[in-house]
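Okay, here's what each chain looks like letter by letter:
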Amino acid sequence: MSAAASQMHFKSVNYTGQGPGPRVIIMGATHGNEICGTQAIGRVMAELDAGALRIVNGSVTFVPIVNPLAYAKNTRSGDRNLNRDLSPKESPQDFEDRVANWLCPLLAQHDVLLDLHSFNAAHGEPFVMVGPLDNDGTLEPFKHMREERALARRLGVRRFVTGWMAAYGGGVQRRSRGNAAELETVLRYGMGTTEYMRSTGGYALTLECGQHLDPQAPEVAYRAIMNTLAHLKLIDAPAPEPVPFEEMEALQMVVVHDKLDAGDRFTRTWASFDPVQEGDQIGVRADGTPVTAEFSGRILFPDTNAAPNHEWYYLTRPNPQFGRE
């Protein structure tokens, strides 16, 4: 870790009302070049500090810059991706481990997380990543599905994506070839801010507010913060209406495909949510074998720069039951 990084500190600001209510945490710049959340949080805090807005019930903690090293560098990561392998470390090896040792106990003190992000694609509308159905399984046990999905429908966006850990875990199982110790290690690598929050008994949403430099992204983030505070009754404001079912697009992440060789390549420039039809060619392996879509849906998180044996792209299919469970 650099000398400059060793001098950095972490900042959170809490506002607590006099009435009972949930403990909410709202974060920006988990990835340092995704600053729309930082800008929106600053705007809301200014309104609170000026008395234009008041927390009347529960509490809200703002973390304007989760990863100060990545933020200072204006890059996604400082030493590594903070949104993977997020857990406290007895012997921190890099800057993100030190962030985790501060952030994880802070998350565990709260009930609800809203993590504000942006994306690199040249185009695309905002979307929210939502957690699993209620379950008592081993992959991602959960018991707040209804509350989490009710909040998701009130953030002000119409596109919802579920199934991250199940799809990621399926890919991990294929790679691990039945090695239980390796499986547990790599699944832990898939844990980010929202997964960690759910593991502590709370619920959490990742909102992708738009393209990194889109001037509307901070507006999307600001509206989501205000809707969250109103929906959870932390502020005295009308309850936001949920997005109507007929306007929603809900997608389930079904499968992840790995890059197997550095020579694997896409046959066109893909962006998240580009539609694909069954049999469409997506890429070609280093040995010339075509890579095709096994079903019709949308591609998600295509990564041209993926390393061998890492996630290359995901496929999603419509999830018409979302929000109706």
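The rules behind these values
- Residues numbered from 1 in each chain as written.
- Predicted model: local features only at pLDDT ≥ 70, side-chain atom pairs only at ≥ 80, totals over all residues.
- Heavy atoms only, no water.
- UniProt positions renumbered as here; feature names shortened; annotations may be inferred.
- Pairing = 2+ DSSP bridges.
- Helix = DSSP H or I, 4+ residues; strand = E, 2+ residues; numbered from the N terminus.
- Buried < 20%, exposed > 50% of the residue type's maximum accessible area, 1.4 Å probe, protein only.
- Expected span 1.5 Å × (residues − 1).

As recorded in an unreviewed UniProt entry, the protein goes by Succinylglutamate desuccinylase/aspartoacylase family protein and comes from Massilia norwichensis. Looking at the Cofactor (unreviewed entry) heading of the UniProt record, one finds this comment for the protein: "Zn(2+)".

Novice: Before we move on, could you go through the pairing of strand 13 (residues 297–300) and cite the residues and values that matter?
Specialist: Here 2 bridges tie strand 10 (residues 275–276) to strand 13, and the two strands are oriented antiparallel to one another. When the bridges of strand 13 are listed, valine 276 appears paired with glycine 297. Relative to strand 14 (residues 310–318), strand 13 runs antiparallel, the two being bridged by 3 bridges. For leucine 300, the partnering residue across the bridge sits in strand 14 and is tyrosine 314.

Novice: Help me get a handle on the environment of arginine 149, residues and values and all.
Specialist: For arginine 149, the location among the structural elements is in helix 5 (residues 145–152). Its relative accessible area of 6% is what places arginine 149 among the buried residues. Residues arginine 149 and cysteine 209, 60 residues apart in the sequence, show an inter-C-alpha distance of 17 Å.

Novice: Tell me about unusual backbone geometry, residues and numbers included.
Specialist: One non-glycine residue, asparagine 74, lies in positive phi territory at about 55°. Note that asparagine 74 resides in the loop between helix 3 (68–73) and helix 4 (95–108). The class for asparagine 74 is exposed, based on a relative accessible area of 51%. Phi is positive for phenylalanine 301, close to 50°, though the residue is something other than glycine.

Novice: Any chance you could break down the pairing of strand 8 (residues 249–259) for me, citing the residues and the numbers?
Specialist: In terms of burial, strand 8 is a largely internal element, 9 of the 11 residues being buried. Of the strand pairs in this sheet, strand 8 and strand 14 are connected by 8 bridges, and their pairing is antiparallel. Paired with valine 255 across the two strands is leucine 315, which belongs to strand 14.

Novice: Lay out helix 2 (residues 36–50) with the relevant residues and their values.
Specialist: The first and last C-alpha atoms of helix 2 sit 21 Å apart over 15 residues, in line with the 21 Å expected at 1.5 Å per residue. Of the positions making up helix 2, those classed as buried are Cys36, Gly37, Thr38, Ala40, Ile41, Val44, Met45, Glu47 and Leu48. Glycine 51 occupies a position one or two residues after helix 2 and carries a positive phi of about 85°.

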